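Coordinate inspection notes
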There are 2 protein chains.
Amino acid sequence: MKYDFESSVGYWVTIVSLAYRKALNEELAPHGITFRQSQVLGWLVHDGVLSQSSLAAKMEVEAPTLKGLVDRMEAAGWVKRCSCMDDRRKKLIRMTSAAEPVWQKIADCARKVRREATAGLNRDETNQLLHLLRTVHNNLILRSEVPADEIQIG
Amino acid sequence: MKYDFESSVGYWVTIVSLAYRKALNEELAPHGITFRQSQVLGWLVHDGVLSQSSLAAKMEVEAPTLKGLVDRMEAAGWVKRCSCMDDRRKKLIRMTSAAEPVWQKIADCARKVRREATAGLNRDETNQLLHLLRTVHNNLILRSEVPADEIQIG
DNA sequence: CTCCGTTCGTTAGCATGCTAACAACGTATT
DNA sequence: AATACGTTGTTAGCATGCTAACGAACGGAG
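Note that the structure is predicted; figures quoted are calculated from it, not measured. The residue numbers shown here count from 1 along each chain, following its written sequence. Going through the entries in the order they are written, you letter the chains from A and number the ligands from 1. pLDDT decides what is reported in this predicted model: residues at 70 or higher carry local features, side-chain atom pairs at 80 or more are listed and counted, and totals for whole chains, interfaces and linings draw on all residues regardless. As a rule here, side-chain values cover all heavy atoms of the structure and leave hydrogens and water aside.

Strand pairing in a sheet relies on backbone hydrogen bonds, with the paired strands running either antiparallel or parallel. All names here are of chain B. Read from one edge of the open sheet, three strands run β1-β3-β2, paired in antiparallel fashion. In this open sheet, the two edge strands, each paired with only one partner strand, are β1 (50-51) and β2 (79-83). Any two strands with at least two DSSP-identified bridges between them are counted as paired. By the criteria applied, helices consist of DSSP H or I runs no shorter than four residues and strands consist of E runs no shorter than two, each listed in order from the N terminus. With five bridges joining them, β2 and strand β3 (residues 91-95) adopt antiparallel strand pairing. Along β3, the bridge assignment pairs R81 with I93.

In structure tokens:
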């Protein structure tokens, strides 16, 4: 019983994701930062200050995964954990001044790889790709939020 | 200097890849197998016998990554390493008979998640998505094979 | 105010990714 | 044959992913 990987969205999304991350990691390596770490800085630039849980939600990873990311970035001096006055459970993550001069280079690397990845695609095709990926993502998110076998109205 | 993740192919491919893997892992967990391990069996069903290096190439991962996969699957009894007569360096991977009864269930899980992921997309849109992902993948592969700063014809 | 369920961050343990460096083997060159 | 170079698989070390289980803090019900 065969299974056709070549026509599987999961297969292609997996290997494109690996290839994209690898490409960007190569660009970022000289700056001592990784793909996911650069995304953390991106969200901090975008939103200012974020708690670990909200950052985890934005990056679509679980809490322990984000903790590891923040641990390494705090050790490297890119970010800092601050206590939250309103809620003593929360720890607010903010970018340090040491990270600011590097962010410009990171954004340049990200744009470069993005340009290379979408070479040969016109604006419509790129938008179509993003639209289709959002649709698939939404399908998978809804799936985890409302598993079919848990819908039991008594 | 902001960077717009929402319109980044890399961002969406990353989180869709994570969501897809997570969904399939949930389906496969009862069978004691993981997403990547199921793909190994898929390739073995498709091609019969494969050396580790050719399997790594098909799965788009590096040799040490594939070694870990095969190590765990051999320990679980799904696959077996066999020596190769023609080339004593190679180790041929083949599926064991113990894995065969599970493969049908794995393929069913894969088809189920695939159907859920592409819900709301017609055949044309799905093909378009696969086509665009292949294009992006090809761009990134070419990039790593011919880095621009290494083209130096003297 | 106390109890109880939820949320937040952490820990432990495992699966998957990578690069760098190595030994063993194959192959081409001299 | 001897040398050199490429290929194959392994090891070590690190970065990212996950679930399960936990303590601390919040918030609402009684």
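As a further point, take the protein's contact with DNA strand C. Think of it this way: one heavy atom of a residue within 4 Å of a molecule or strand is enough to make that residue near it. The full set close to DNA strand C counts 26 residues, and S53 and R89 of chain A together with R21, T34 and E62 of chain B are the nearest of them. Sugar plus phosphate, as a fraction of atoms of DNA strand C within 4 Å of the protein: 74%. For DNA strand C, a phosphate oxygen lies 2.2 Å from a polar atom in the side chain of T34 of chain B. Nitrogen and oxygen atoms within 3.5 Å of one another constitute a polar contact, given that in protein one can donate a hydrogen and the other can accept it, and given that sequence-neighbouring residues count only through two side-chain atoms. Interatomic distance of 3.0 Å between a side-chain N/O atom of Q37 of chain B and a phosphate oxygen of DNA strand C. In terms of residues, the surface near DNA strand C owes the most to one element, helix α4 (residues 63-76) of chain B, which gives four residues.

Glancing now at the protein's contact with DNA strand D. R21, T34 and E62 of chain A together with S53 and R89 of chain B are the nearest of the 26 residues found near DNA strand D. Within 4 Å of the protein, the contacting atoms of DNA strand D are drawn from sugar and phosphate to the extent of 73%. R72 of chain A is positioned such that a nitrogen or oxygen atom in its side chain is 3.0 Å from a phosphate oxygen of DNA strand D. At a separation of 2.6 Å, a phosphate oxygen of DNA strand D approaches a polar backbone atom of S53 of chain B. Ranked by residues supplied to the surface near DNA strand D, first place goes to helix α4 (residues 63-76) of chain A with four residues. Note that Gly is not counted as nonpolar here; it falls among the polar residues with everything else outside the nonpolar set of Ala, Val, Leu, Ile, Met, Phe, Trp, Tyr, Cys and Pro and the charged set of Asp, Glu, Lys and Arg. Residue composition of the surface near DNA strand D, by class: six nonpolar, six polar and 14 charged.

Turning next to the relation of the copies chain B and chain A. Here the copies are superposed with least squares, the fitted atoms being C-alpha atoms of residues at a pLDDT of at least 70 in both. Least-squares fitting of chain B to chain A yields an RMSD of 0.0 Å, with the transformation described by 0.0 Å of translation along the axis and a rotation of 180 degrees. In symmetry terms, the pair is related by a two-fold rotation axis. When the interface residues of chain B are mapped onto chain A, 100% of them are again interface residues, pointing to one common binding face. In what follows, a contact means two residues having at least one pair of non-hydrogen atoms within 4.5 Å.

Our next topic: the packing of helix α2 (residues 35-47) of chain A against helix α3 (residues 52-59) of chain A. Residue and element names in this part refer to chain A. Angles here are taken between N-to-C directions and fall from 0 to 180 degrees, while the axes themselves are lines fitted to C-alpha atoms, restricted in helices to the stretch in contact. For the pair α2 and α3, the least separation of the axes is 11 Å and the interaxial angle reads 115 degrees. Between α2 and α3, the crossing angle belongs to the class labelled roughly perpendicular. Classified by chirality, the crossing of α3 by α2 is right-handed. Here R36, Q39, V40, W43 and D47 of α2 come into contact with α3, specifically with L55, K58 and M59. Class assignment for the residues of the contact of α2 with α3 results in four nonpolar, one polar and three charged. Note on terminology: angles under 35 degrees are roughly parallel, angles over 145 are roughly antiparallel, angles of 65 to 115 are roughly perpendicular, and the others are oblique. Handedness of a helix crossing follows the sense of rotation of the near helix relative to the far helix, less than a right angle counterclockwise being left-handed and clockwise being right-handed.

The next thing to look at is the state of the cysteines. The disulfide criterion used throughout: a pair of cysteine sulfur atoms within 2.5 Å. Inspection of the entire model under this criterion finds zero disulfides over all chains. Free cysteine: C84 of chain A, not disulfide-bonded; nearest cysteine sulfur from C82 of chain A at 10 Å.

Turning our eyes to something else, we now look at α2 of chain A. All names here are of chain A. Residue count minus one, scaled by 1.5 Å, sets the expected span of a helix. With 13 residues, α2 extends 19 Å between its outermost C-alpha atoms, agreeing within 8% with the 18 Å of an ideal straight helix rising 1.5 Å per residue. The buried count for α2 comes to 10 of 13 residues, which makes it a mostly enclosed element. With a 1.4 Å probe rolled over the protein chains alone, any residue whose accessible area is under 20% of its type maximum counts as buried; one over 50% counts as exposed, and the rest are partly exposed. Listing the buried residues of α2 in full gives F35, R36, Q37, S38, Q39, V40, L41, G42, W43 and L44. Downstream of α2 by a residue or two, G48 has a phi angle that is positive, lying close to 85 degrees.

All right, on to the confidence of the model for chain A then. When pLDDT is averaged along chain A, the result is 90; 92% of the residues meet or exceed 70. What pLDDT reports is the predictor's confidence in each residue, on a scale of 0 through 100. Low confidence marks residues 147-154 of chain A, where pLDDT is under 50. Its contacts with residues over four positions away, or in another chain, come to one contact.

The interface is formed by 64 residues belonging to chain B together with 64 residues belonging to chain A. Summed over both partners, buried area is the accessible surface (1.4 Å probe) that two parts give up on being assembled. Together, the buried faces of chain B and chain A total about 6,300 Å²; carbon and sulfur atoms form 66% of this surface. One side-chain nitrogen of Lys or Arg within 4 Å of one carboxyl oxygen of Asp or Glu is enough to make a salt bridge. At the junction of chain B with chain A, the criterion picks out two salt bridges. The salt bridge involving E62 of chain B is made with K22 of chain A; its shortest N-O contact spans 2.6 Å. For the interface between chain B and chain A, the tally reads 10 residue pairs in polar contact (both at pLDDT 80 or more). Put simply, the parts of the chain that give the side of chain B that touches chain A at least two residues each are α1 (9-28), α2 (35-47), α3 (52-59), α5 (100-117) and α6 (123-145) of chain B. The greatest single-element share of the side of chain B that touches chain A, amounting to 17 residues, is contributed by α1 of chain B.

Now for the packing of helix α1 (residues 9-28) of chain A against α1 of chain B. Following both chains from N to C, one finds α1 of chain A and α1 of chain B inclined at 130 degrees, their axes separated by 8 Å at the closest point. In terms of orientation, α1 of chain A and α1 of chain B fall into the oblique class. Regarding α1 of chain A and α1 of chain B, the two cross each other, and that crossing is left-handed. On the side of α1 of chain A, the interface is formed by V9, G10, V13, T14, V16, S17, Y20 and R21 of chain A, while α1 of chain B contributes V9, G10, V13, T14, V16, S17, Y20 and R21 of chain B. By residue class, the composition of the contact of α1 of chain A with α1 of chain B is eight nonpolar, six polar and two charged.

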